[in-house]
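# Structure at a glance
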Amino acid sequence: MLSTKVTEGSTTVSVPVPPEGVPFPPSEAPVFYNPHMELNRDISVAATSACAKRILLKKDMELKDITYLDAMSASGIRGLRIANEVGITSILNDWSDDAHELILENIELAGVSDIAEATCKNANVLMHERRFNIVDLDPFGTPAPYLDAATRSVVHFLEVTATDTAPLCGAHFNSGMRKYAAVPLNNEFHSEMGVRILLGKIARELAKHDKGMTPLLSHATRHYVRTYLQVKKGAKQADKALKELGFLSHCEHCGHREVSHGMAISISAHCSSCGKDVYIAGPLWLGQLHETQYCDEVLLEIEDRPLGTKEQAKKLVLACRDELDIPFFYDQHVICKMIGVSAPAMDMFIAALRDTGANVSRTHFTGISFKTDANIATIKDVLRGL
Ligand SMILES: C[S@@+](CC[C@H](N)C(=O)[O-])C[C@H]1O[C@@H](n2cnc3c(N)ncnc32)[C@H](O)[C@@H]1O
Ligand SMILES: [Zn+2]
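Note that the coordinates shown come from a computational prediction; the quantities given were computed from them, not determined experimentally.

When its secondary structure is counted, the protein chain shows 14 helices and 15 strands. The globule rule puts the C-alpha radius of gyration for 386 residues at 21 Å, and the 22 Å found for the protein chain is close to it. Overall, the protein chain is about 65 × 45 × 40 Å in size when its C-alpha atoms are taken along their principal axes. Split into buried and exposed, the 386 residues of the protein chain put 50% on the buried side. A sequence separation of at least 24 residues applies to 62% of the contacts in the protein chain between residues at least 6 apart.

Dropping the structure here:
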């Protein structure tokens, strides 16, 4: 396999060169490597280090005793960076023989043979056989087929990437229903819909194993959703997490939305504001997406490290930390169109909405989105008055 060396953070590994003329992504390459995921991996290193430090605060163990499973490793770059840059024990798994061979080579190249182990198994088999303090899923597309084994295997922290944004966000409705057993809405806030569908599914999978969860950091782009969760042992914790599940009803006519907690509940088919039919999505995770304290811990980790995407990573985690943690964001342009006004500058609008006494923030999802506890009537009044 023709290969080249790449350095991310302070780790150098060998990755395959895609055959000439093959467009990005390098799907024809014998082992997968996506340079566009460096930001995702940079944040992973910082976030996993913050998780490891939390484990050490509670347990009398050494850094190298903490186990991190990179369940779908490909070249191994993610888990090798964790071993090299965080100092915890990394298990690098991939069922492909080509990937496994490259991982063995890369363990030597990265100089982490003392704290890295390579396995070549079906990730589900491995996760049913062994427990890990931290489990990281980074599959092609949906993580759904791996969530049962991952939620069984994980002890402290679960990290999941999903690149099937079309099913998660409602663009491929039936596929989303099959993978996540939830009804999505493909509207202006579909990116947050994807995060909440995924988290809802993970909460239900954890609950089967009598585990609950607290989301610490979750971010979404057009191409993927990524989440970091603290796993909490016990049936009570599982019950508590399930209480954060529920449904959204959304009126496309007037923009009003309402969330309802619970599973077997009745939801009106009509908008409580204008009486028109509403769309209903769920079950969704309606609880927090981020923990402020954890985001601060991750920001410190980012600051301390030589990361290729340092500025972008800081900006993204800061935006997550500072967004109001309530479902769902509003899209300023959609509301302006609804009432026939042109969109004002975002900062001016946010200041004016705050003047009504409401809590308001920008979000990490898009530049024209905001979160607020103001109702849609107040938002429209403010927009009309600018
Ligand atoms: C998206 S790539 C992983 C990328 C890698 N984590 C990174 O950051 O560069 C997905 C990998 O999962 C592997 N894979 C897919 N299904 C698997 C399974 N059931 N068990 C183990 N590995 C699997 C594929 O061979 C592929 O290398
Ligand atoms: Zn309405």
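Strands belonging to one sheet form pairs held by backbone hydrogen bonds; the direction of such a pair is parallel or antiparallel. Read across the open sheet, the 3 strands follow the order S11-S10-S12; overall the sheet is antiparallel. Each having just a single partner strand, strand S11 (257-261) and strand S12 (279-285) make up the two edges of the open sheet. For this sheet, the mean inter-axis angle between neighbouring strands, taken without regard to orientation, is 25 degrees. For strand S10 (residues 245-250) and S12, the ladder comprises 5 bridges, and the chain directions are antiparallel. Note on S12: the bridge partner recorded for Leu245 is Trp285.

All right, on to the site of ligand 1 then. Surrounding ligand 1, one finds 20 residues, the nearest of these being Met72, Ala74, Trp95, Ala123 and Asp138. Of the residues belonging to the shell around ligand 1, the class tally is 11 nonpolar, 5 polar and 4 charged.

As a further point, take the nonpolar core. For soluble globular proteins, the rule of thumb is that nonpolar side chains tend to be buried together. Val135 and Ala150 are the most contacted members of the largest nonpolar core, which totals 107 residues. With 9 residues, helix H8 (residues 190-208) is the largest single contributor of residues to this core. Those residues within four positions of Val135 in sequence are excluded, and the remaining contacts are Leu69, Ala71, Met127, Ala150, Ser153, Val154 and Leu158.

Entries for the protein chain in the domain assignment read domain 1 (3-322) and domain 2 (330-385). Contact residues are listed per partner, giving 14 residues for domain 1 and 10 residues for domain 2. Looking at the side of domain 1 that touches domain 2, the elements that each hand over two or more residues are H8, strand S8 (211-220) and helix H11 (310-322). Looking at which element gives the most residues to the side of domain 1 that touches domain 2, the answer is H11, with 4 residues. For the side of domain 1 that touches domain 2, the residue count by class is 6 nonpolar, 5 polar and 3 charged.

Pairing is antiparallel in the open sheet, where 3 strands are placed in the order S13-S15-S14. The open sheet terminates on both sides in strands that have one partner only, identified here as strand S13 (330-331) and strand S14 (360-362).

This part takes up the pairing of strand S5 (residues 116-119). Burial along S5 is one-sided: Ala116 and Ala118 are buried, while Glu117 and Thr119, pointing the other way, are not. As for the winding sense of the linkage, the β-α-β connection from strand S4 (residues 89-93) through helix H3 (residues 97-110) to S5 is right-handed.

A few words now on the packing of helix H1 (residues 38-58) against H11. Across the interface, H1 lies against H11 with an axial gap of 10 Å and an inter-helix angle of 70 degrees. By the angle class used here, H1 and H11 are roughly perpendicular. When the axes of H1 and H11 are compared, the crossing they make is right-handed. For the pair H1 and H11, the contacting residues are Leu39, Asp42, Ile43 and Ala46 in the first and Gln312, Ala313 and Val317 in the second. In terms of residue class, the contact of H1 with H11 is built from 5 nonpolar, 1 polar and 1 charged.

Since one α-helical turn is 3.6 residues long, residues separated by three or four positions face the same way. Considered for burial, the residues of helix H14 (residues 376-385) that qualify are Ile379, Val382 and Leu383. Projection of H14 onto a plane perpendicular to its axis shows the buried side chains occupying an angular sector of 100 degrees, all on one side. For H14, the exposed residues set more than 90 degrees away from the buried face come down to Ala377, Arg384 and Gly385. Along its buried surface, H14 packs onto S13, helix H12 (332-339), helix H13 (346-354) and strand S15 (369-372).

Here we come to the packing of H12 against H14. When two helices pack together, their arrangement is given by the angle between their axes and by how far apart the axes lie. Interhelical geometry of H12 versus H14 gives an angle of 75 degrees and a closest axis separation of 10 Å. Between H12 and H14, the angle is such that the two are roughly perpendicular. Here H12 contributes Ile335, Cys336 and Ile339 to the contact with H14, which in turn contributes Ile379, Lys380, Leu383 and Arg384. Here the contact of H12 with H14 is built from residues that sort into 5 nonpolar, no polar and 2 charged.

A negative phi holds for most residues other than glycine; trans holds for most peptide bonds. Here the bond from Gly282 into Pro283 is cis, since omega is 0 degrees, no more than 30 degrees from zero. With a phi angle near 45 degrees, Ala181 is a residue other than glycine that sits in the positive phi range. In this fold, Ala181 is placed in the loop between helix H7 (173-180) and H8. Accessibility expressed as a C-beta count within 10 Å gives 13 for Ala181, which makes it partly exposed. The backbone of Asp210 shows a phi angle near 55 degrees, a positive value even though the residue is not glycine.

Its 19 residues place the ends of H8 27 Å apart at the C-alpha level, agreeing with the 27 Å of an ideal helix rising 1.5 Å per residue. Just downstream of H8, Asp210 is the residue with a positive phi angle, here 55 degrees.

Calculation criteria
Residues numbered from 1 in each chain as written. Chains lettered and ligands numbered in written order. Predicted model: local features only at pLDDT ≥ 70, side-chain atom pairs only at ≥ 80, totals over all residues. Helix = DSSP H or I, 4+ residues; strand = E, 2+ residues; numbered from the N terminus. Rg over C-alpha atoms; globule rule 2.2 N^0.38 Å. Buried ≥ 20, exposed ≤ 12 C-beta atoms within 10 Å, placed from the backbone. Contact = placed C-beta atoms within 7 Å. Pairing = 2+ DSSP bridges. Axes fitted to C-alpha atoms, helices over the stretch in contact; angles between N-to-C directions. Near = placed C-beta within 6 Å. Nonpolar A, V, L, I, M, F, W, Y, C, P; charged D, E, K, R; others polar. Core = buried A, V, L, I, M, F, W, Y, C linked by C-beta atoms within 7 Å. Domains from an automatic or database assignment. Right-handed = clockwise from strand over helix to strand, strands pointing away. Parallel < 35°, antiparallel > 145°, perpendicular 65-115°, else oblique. Left-handed = near helix turned anticlockwise from the far one by under 90°. Arc of directions from axis to C-beta. Expected span 1.5 Å × (residues − 1).

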